[in-house]
Amino acid sequence: MELSKTVKDKTFDDYFTEVEHSETISGMLRPGCLRLFCLNVRNGNIKSFDLEKFTMLNIGRYVFSRAKQENYRNAGNFDLVTQQALRAMRKSAKARDIDAGETLGEIMVYAVMEEKLNAHKLLSKIELSADAAQYASEADGIHFLCRDGKTILSNQMVFGASSVTGDIKDAIDIAFEKIFRIANHEDEELLLVEKTALDRFYEEDDLKVLTSYVIPEEHKNASYGTSFGVFLGYSLGLIPDGYDDDQFRVRMHKKMIRDINAHEEYIAQKIRDAKLQNHSFYFFTLPLNQAKEESDSIMQHVMEGDVDL
């Protein structure tokens with residue numbers, strides 16, 4: 001029994017490739033992961049345009065709850081979902097006074113948690129921002145991972161944290177600043193879910209998951225632990241001169257593995273410093289050519305609806 005997925009079927013694997021490696025986070029007491037993803041390359045450059053397309057295809061699913069999307073469908077206005085989602089994104093970015101590029105990490109942590117962790121959305125960052133009058137959430141999204149009896153010890157409320165910036169170490173630092181704040185306000189984050197999540201679902205199976213595990217009926221206890229899903233976008237830092245695309249792709253994969261190998265212990269120490277070893281951590285990385293500049297450009301195009309599909 002699990003929540004329904006919201007990411008558009010098949011779109012993730014159409015654009016992203018996972019790079020296999022053997023690195024893990026040392027000293028962890030709970031299951032977790034370090035997973036590396038990349039986009040395709042063309043003429044020695046990472047095809048960031050594919051990230052624009054993926055984001056555009058999923059923007060309505062990210063912005064609106066399942067119940068809100070169903071309301072549009074029942075009113076015969078489902079074709080307006082993308083338009084209204086982009087309007088909501090522009091208003092949210094302005095109200096939060098953030099660069100457009102910062103929202104890319106928030107969307108990507110939503111996508112990887114749904115598609116690759118099987119932790120499905122309770123509240124996206126933009127939904128959390130809309131509920132800021134009740135509590136200003138520190139999370140970049142809140143998802144729920146149902147126990148499968150094989151890979152996790154219990155049901156998990158997964159808090160999202162993300163960062164897209166030039167240096168991978170800086171991206172780790174920024175993400176952990178968010179993680180520290182989430183951990184320090186965990187009770188408030190969970191209370192926000194309890195007070196708002198039910199209104200965002202309509203399917204019977206989803207509501208059964210919520211009332212069984214997340215927001216139990218009277219005289220019953222909630223049944224989950226808490227964990228963190230982390231998306232890190234950074235600049236690859238490779239010069240493509242002298243290599244064809246196949247050769248560059250191989251070099252990119254090796255560089256990605258070296259990057260995570262070089263920072264695994266740094267991540268582990270951050271977790272120890274925060275005394276969060278008893279939590280699961282799920283890390284996902286994605287290199288870009290120039291991460292900060294590209295993330296701003298990507299989200300400017302998306303918010304303007306200026307993306308060819």
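Our subject is the structure listed above.
The present account deals with the structure reproduced in this document. Nothing here was measured: the structure is a model prediction, and the numbers come from that model.

## As for the nonpolar core
Across soluble globular proteins, you tend to see nonpolar side chains buried next to one another.
For step 1, the next point in the chain: In this structure, Phe16, Leu122, Phe144, Met157 and Phe281 are the most contacted members of the largest nonpolar core, which totals 101 residues.
For step 2, the next point in the chain: With near-sequence residues (within four places) excluded, Phe16 lies in contact with Phe37, Cys38, Leu39, Leu51, Phe54, Met108 and Leu286.

## Observations regarding empty space enclosed by the protein
For step 1, the next point in the chain: With the rule as written, the count across this model stands at 1 cavity of 30 Å³ or more.
For step 2, the next point in the chain: By volume, the largest cavity amounts to about 40 Å³.
For step 3, the next point in the chain: Contributing to the lining of the largest cavity are Tyr62, Met89, Ser92, Ala93, Arg96, Ile98, Thr103, Glu106 and Ile126.
For step 4, the next point in the chain: Breaking the lining of the largest cavity down by element, the ones donating at least two residues are helix H4 (81-96) and helix H5 (102-115).
For step 5, the next point in the chain: If you tally residues by element for the lining of the largest cavity, the top one is H4, at 4 residues.
For step 6, the next point in the chain: Counted by class, the lining of the largest cavity contains 5 nonpolar, 2 polar and 2 charged residues.

## Some words on the pairing of strand S6 (residues 141-145)
For step 1, the next point in the chain: Counting buried positions over the 5 residues of S6 gives 5, a clear majority of the element.
For step 2, the next point in the chain: The pairing of strand S5 (residues 120-124) with S6 spans 4 bridges and is classified as antiparallel. Counted as the bridge partner of His120 is Phe144 from S6.
For step 3, the next point in the chain: Here S6 pairs with strand S7 (residues 156-164) via 4 bridges, running antiparallel. Looking at S7, one finds that His143 is bridged to Val158.

## Looking at the sheet that holds strand S1 (residues 17-19)
For step 1, the next point in the chain: The sheet built from 7 strands is open, its strands ordered S1-S2-S9-S8-S7-S6-S5 with mixed pairing. Where the open sheet ends on each side, the last strands, each with one partner, are S1 and S5. Put simply, the sheet's adjacent strands are angled 30° from each other on average, direction ignored.
For step 2, the next point in the chain: Of the strands in this sheet, S5 and strand S9 (281-288) touch helix H2 (residues 48-63), which is tilted by about 75° from S5.
For step 3, the next point in the chain: In this fold helix H10 (residues 245-273) packs onto S1, strand S2 (33-38), strand S8 (225-235) and S9, with an angle of close to 150° to the strand it touches most, S2.

## Observations concerning the packing of H2 against H5
For step 1, the next point in the chain: One can describe the packing of H2 onto H5 by two numbers: an axis separation of 11 Å at closest approach and a directional angle of 75°. By the criterion of interaxial angle, the relationship of H2 to H5 is roughly perpendicular. Contact residues: Leu51, Phe54, Thr55, Ile59, Arg61 and Tyr62 in H2; Leu104, Glu106, Ile107, Met108, Tyr110 and Ala111 in H5.
For step 2, the next point in the chain: Across the contact of H2 with H5, the residue classes break down as 9 nonpolar, 1 polar and 2 charged.

## Quick look at H2
For step 1, the next point in the chain: A rise of 1.5 Å per residue sets the reference length of H2, with its 16 residues, at 22 Å; its end C-alpha atoms lie 21 Å apart and thus fit the reference within 8%.
For step 2, the next point in the chain: Burial analysis of H2 places 13 of its 16 residues in the buried class, which makes it a mostly covered element.

## A short note on unusual backbone geometry
For step 1, the next point in the chain: Of note, Asn43 is a non-glycine position whose phi angle comes to about 55°, a positive value.
For step 2, the next point in the chain: Within the fold, Asn43 resides in the loop between strand S3 (41-42) and strand S4 (45-46).
For step 3, the next point in the chain: You will see that Asp97, though not glycine, has its phi angle at about 55°, which is positive.
For step 4, the next point in the chain: With respect to the helices and strands, Asp97 occurs in the loop between H4 and H5.

## Quick word on the environment of Ala100
For step 1, the next point in the chain: Turning to its location among the elements, Ala100 is positioned in the loop between H4 and H5.
For step 2, the next point in the chain: Classification of Ala100 as buried rests on a relative accessible area of 10%.
For step 3, the next point in the chain: Put simply, Ala100 and His301 are 201 residues apart on the chain and 9.7 Å apart in space, counted from C-alpha to C-alpha.

## Focus on the side chain of Thr165
For step 1, the next point in the chain: Tracing the backbone shows Thr165 in the loop between S7 and helix H7 (168-184).
For step 2, the next point in the chain: On the basis of relative accessibility, which here comes to 17%, the residue Thr165 falls in the buried class.
For step 3, the next point in the chain: Those residues in contact with Thr165 that lie beyond four places of it in its chain are Asp170, Ala171, Ile174, Gly233, Tyr234, Ser235 and Ala291.

## Side note on the side chain of Thr11
For step 1, the next point in the chain: Tracing the sequence through the fold places Thr11 in helix H1 (residues 11-15).
For step 2, the next point in the chain: Here Lys8 takes part through its backbone oxygen, which lies 2.8 Å from a polar atom of the side chain of Thr11.
For step 3, the next point in the chain: What Thr11 contacts, discounting residues up to four positions off in sequence, is Phe54, Leu57 and Asn58.

Cut-off values and rules
Residues numbered from 1 in each chain as written. Predicted model: local features only at pLDDT ≥ 70, side-chain atom pairs only at ≥ 80, totals over all residues. Heavy atoms only, no water. Core = buried A, V, L, I, M, F, W, Y, C linked by side-chain atoms within 4.5 Å. Buried < 20%, exposed > 50% of the residue type's maximum accessible area, 1.4 Å probe, protein only. Contact = heavy atoms within 4.5 Å. 1 Å grid on protein atoms, 1.4 Å probe; cavity = no way out; pocket = protein on both sides within 12 Å on 5 of 7 lines; lining within 4 Å. Points joined across faces, edges and corners; volume = space filled by probe spheres on them. Helix = DSSP H or I, 4+ residues; strand = E, 2+ residues; numbered from the N terminus. Nonpolar A, V, L, I, M, F, W, Y, C, P; charged D, E, K, R; others polar. Pairing = 2+ DSSP bridges. Axes fitted to C-alpha atoms, helices over the stretch in contact; angles between N-to-C directions. Parallel < 35°, antiparallel > 145°, perpendicular 65-115°, else oblique. Expected span 1.5 Å × (residues − 1). Polar contact = N/O pair within 3.5 Å; in protein donor to acceptor, adjacent residues only side chain to side chain.

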